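# Survey of secondary and tertiary structure
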Amino acid sequence: MKTNNMDSPVREKRLPFCLPDVGEAEIEEVIDTLRSGWLTTGPKTKKFEQAFAAYVGAPEAVAVNSCTGGLHVTLAALGIGPGDEVIVPTMTFAATANVVVHVGATPVMVDVAPDTLNVDPAAVEAAITPRTRAVVPVHLYGHPCAMDRIMAIAERHNLFVVEDAAHSVAAEWNGRRVGSLGNPTVFSFYAIKNMTTGEGGMITVDDSELAERMRVWLLHGMSRDAWKRYEATGSWYYEIVLAGLKYNMTDVQAAMGLHQLARLEEMTRRRAELAARYTEAFRLLPELILPAYRDGVRHVWHLYPIRLRLEQLTIDRNAFIEALSREGIGTSVHFIPLHRHPYYRDRFGLHPADFPTADAAYQQLVSLPLYPRMSDQDAADVVEAVRRVVGRHRK
Ligand SMILES: *Cc1c(COP(=O)(O)O)cnc(C)c1O
């Protein structure tokens, strides 16, 4: 039973910020794979690609060893390189922009919308130059971007749209699953994403020729067609047609992915249930700005980031995080915007004043624990801890 003693922490045993949800079926399938004699890319990867494409509603899916690798391969296969600019939101994980640098192009950071913190379409349009080749909307926290506006801008300016869906497997925009809008879309199966293969990722794509180029790029630049063209030389023959990467998914990963995909709807529903509990409780705390949820989307709650109305509190975000930690609650911050990281700040001469929305949000953001393995009591503890910390520090 919980005590009301405000001197002892809400939880004696710390609630971790995040934990993966791996079931027995995943474990059995991984063991089966280890015994099968086929460890790397093989039949299970193929099966996982097909199941994932069918789930998302995309013609084709290409498995990769991470979302980062998938984004890199996608930009490379689209022919983006030196002299090109790629527009990315500043409020994202570094991988979104790092891969632009890896293909030799220039990432152009832009500000975000004040409610969702997703990339601001007006800021995208304002950043377009004759060198712009692509825009990478990130469906942040599990809430899809305003794709109608982004795709209209891209069409007007003849740009590629590459969707970073690392947070947004199972999310929907306008009744369609993320990954089915016709743009190359890259998902993450990192350990703490909405579904996991430990490390892993998937690209959905609606252009089979582009998919084939991705497959060449992700496996050494090896052409799979070579043996067909030189049938007489036998199946050992291949040709390296470009200096490729090594980003293929293993069957061990795919073994996990098949069962994670089967449980995805159930895990997503649990996330939504927990998010609804938070929203109901926190609505009563005017010191907090709650995550946006626009009409016409299905939010999949990869994260539940609250924003602190700092003018109504006596402590800043960092002290708030420390206070929650003393109550036994693990938290995090998503994200430190790119313009604040030394590499991007110094190399591209970025200033916080150029990204007023993202920069202000950064100083307010606290991501609370939210994952399917959390119990109702865990969620109640988070609510109680947040209430206590707000209560002690309201102005
Ligand atoms: C996690 C993440 C990535 C990278 O995913 P990996 O599978 O770890 O490479 C890319 N973009 C965003 C927004 C992410 O959160």
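Residues numbered from 1 in each chain as written. Predicted model: local features only at pLDDT ≥ 70, side-chain atom pairs only at ≥ 80, totals over all residues. Heavy atoms only, no water.

### Some remarks on the pattern of salt bridges
Under the criterion given, the structure shown has 25 salt bridges. The partner of arginine 388 in a salt bridge is glutamate 384, and the shortest N-O contact between them spans 3.2 Å. Taken together, the positions of arginine 388 and glutamate 384, both in helix H14 (residues 376-393) and 4 residues apart, correspond to about one turn of that helix. For arginine 388, a relative accessible area of 6% gives the class buried. By relative accessible area, which is 21% here, glutamate 384 ends up partly exposed. What emerges from the salt-bridge pattern is a single network uniting Lys46, Glu49, Glu60 and Arg215. (Salt bridge = Lys/Arg side-chain N within 4 Å of Asp/Glu carboxyl O. Helix = DSSP H or I, 4+ residues; strand = E, 2+ residues; numbered from the N terminus. Buried < 20%, exposed > 50% of the residue type's maximum accessible area, 1.4 Å probe, protein only.)

### Details of the packing of helix H11 (residues 317-326) against H14
In contact at an axis separation of 10 Å, H11 and H14 are set at 130 degrees when each is read in the N-to-C sense. As judged from the angle between their axes, H11 and H14 are oblique. The crossing of H11 and H14 is right-handed. Within the contact between the two elements, H11 uses Phe320, Ala323 and Leu324 and H14 uses Ala385, Val386, Val389 and Val390. Taken together, the residues that form the contact of H11 with H14 break down as 7 nonpolar, no polar and no charged. (Axes fitted to C-alpha atoms, helices over the stretch in contact; angles between N-to-C directions. Parallel < 35°, antiparallel > 145°, perpendicular 65-115°, else oblique. Left-handed = near helix turned anticlockwise from the far one by under 90°. Contact = heavy atoms within 4.5 Å. Nonpolar A, V, L, I, M, F, W, Y, C, P; charged D, E, K, R; others polar.)

### Some points on the site of the ligand
Neighbouring the ligand are 16 residues; Thr68, Asp164, His167, Ser188 and Lys193 lie closest to it. At 2.5 Å, a side-chain N or O of threonine 68 approaches an oxygen atom of the ligand. For the ligand, the protein covers 93% of the area, taking 380 Å² as the surface of the free molecule. For the ligand, the cavity whose grid points lie within 2 Å of the majority of its atoms is the largest pocket. Taken together, the elements giving at least two residues each to the shell around the ligand come down to helix H3 (67-77) and helix H4 (95-102). (Near = heavy atom within 4 Å. Polar contact = N/O pair within 3.5 Å; in protein donor to acceptor, adjacent residues only side chain to side chain. Areas by Shrake-Rupley, 256 points an atom, 1.4 Å probe, with all protein chains shown as cover. 1 Å grid on protein atoms, 1.4 Å probe; cavity = no way out; pocket = protein on both sides within 12 Å on 5 of 7 lines; lining within 4 Å. Sits in = over half its atoms within 2 Å of the grid points.)

### Quick notes on the nonpolar core
Counting residues in each nonpolar core, the largest one holds 81 residues, and the members touching the most others are Met91, Tyr278, Phe282, Phe320, Leu368 and Val386. For this core, the element with the most residues is H14, which contributes 7 residues. Residue assignment places this core across two domains, with domain 1 (24-262) and domain 2 (264-393) each supplying three or more. With residues up to four places along the chain from it excluded, the contact list for methionine 91 reads Val112, Leu117, Leu140, Tyr141, His334, Phe335, Ala358, Ala361, Tyr362 and Leu365. One finds Tyr55, Val178, Met195 and Leu258 within the second-largest nonpolar core, a separate group that totals 24 residues. (Core = buried A, V, L, I, M, F, W, Y, C linked by side-chain atoms within 4.5 Å. Domains from an automatic or database assignment.)

### Looking at the side chain of aspartate 378
If you trace the backbone, aspartate 378 turns up in helix H14. At 2.8 Å, the side chain of aspartate 378 and the side chain of arginine 11 are in polar contact. In this structure aspartate 378 touches Arg11, Leu15 and Arg373, once residues within four positions along its chain are discounted.

### As for helix H6 (residues 147-157)
Those residues of H6 not exposed but buried are Met147, Ile150, Ile153 and Ala154. On an axial view of H6, the arc spanned by its buried residues comes to 130 degrees, and they lie on one face. Structural note: H6 exposes Glu155 and Arg156 on the side pointing more than 90 degrees away from its buried face. For H6, the elements touching its buried residues are helix H5 (121-127), strand S4 (132-135), strand S5 (160-161), strand S6 (163-164) and strand S7 (172-173). Once H6 finishes, asparagine 158 follows within two positions and takes phi at roughly 60 degrees, a positive value. (Arc of directions from axis to C-beta.)

### A closer look at a nonpolar patch on the surface
The grouping of Val22, Ile27 and Ile31 at the surface amounts to a nonpolar patch, some 200 Å² of accessible area in total. When you line up the elements, isoleucine 31 lands in helix H1 (residues 24-36). (Patch = residues over 30% accessible without salt bridge, like charges linked within 9 Å, V, L, I, M, F, W, Y side chains within 5 Å.)

### Considering the environment of arginine 277
Take arginine 277: it is sitting in helix H10 (residues 264-282). C-alpha separation for the pair arginine 277 and serine 367, spaced 90 residues apart in sequence, amounts to 15 Å. Setting aside residues up to four positions removed in sequence, arginine 277 forms contacts with Asp376 and Ala379.

### Concerning empty space enclosed by the protein
Evaluation of the coordinates by the stated rule reveals 2 cavities of 30 Å³ or more. Volume-wise, the largest cavity comes out at about 100 Å³. Taken together, 14 residues form the lining of the largest cavity, with Asp115, Thr116, Tyr141, Pro291 and Ala292 sitting closest to its centre. Here the lining of the largest cavity is built from residues that sort into 9 nonpolar, 3 polar and 2 charged. Looking at the second largest cavity, its volume works out to about 70 Å³. Lining the second largest cavity are 14 residues; nearest its centre among them are Pro20, Asp21, Lys193, Asn194 and Arg271. Here the lining of the second largest cavity is composed, by residue class, of 8 nonpolar, 3 polar and 3 charged. (Points joined across faces, edges and corners; volume = space filled by probe spheres on them.)

### Quick notes on the packing of aromatic side chains
In total, this model carries 14 aromatic pairs according to the counting rule given. Between tryptophan 301 and tyrosine 304, the aromatic rings sit 5.4 Å apart at their centres with planes inclined by 20 degrees, giving stacked as the arrangement. Of the residues examined, tyrosine 304 reaches a relative accessible area of 0% and is grouped as buried. With a centroid separation of 4.8 Å and 90 degrees between ring planes, the pair formed by tyrosine 343 and tyrosine 344 is classed as edge-to-face. In this structure tyrosine 343 comes out as partly exposed when scored by relative accessible area, which is 38%. Clustering of aromatic rings is evident, with ring pairs tying together Tyr278, Phe282, Tyr293, Trp301 and Tyr304. Between arginine 177 and the ring centre of tyrosine 55, over which it is positioned, the NZ or CZ distance is 3.9 Å. (Phe/Tyr/Trp six-rings, centres within 6.5 Å; stacked < 30°, edge-to-face > 60°. Lys NZ or Arg CZ within 6 Å of the ring centre and 35° of its normal.)

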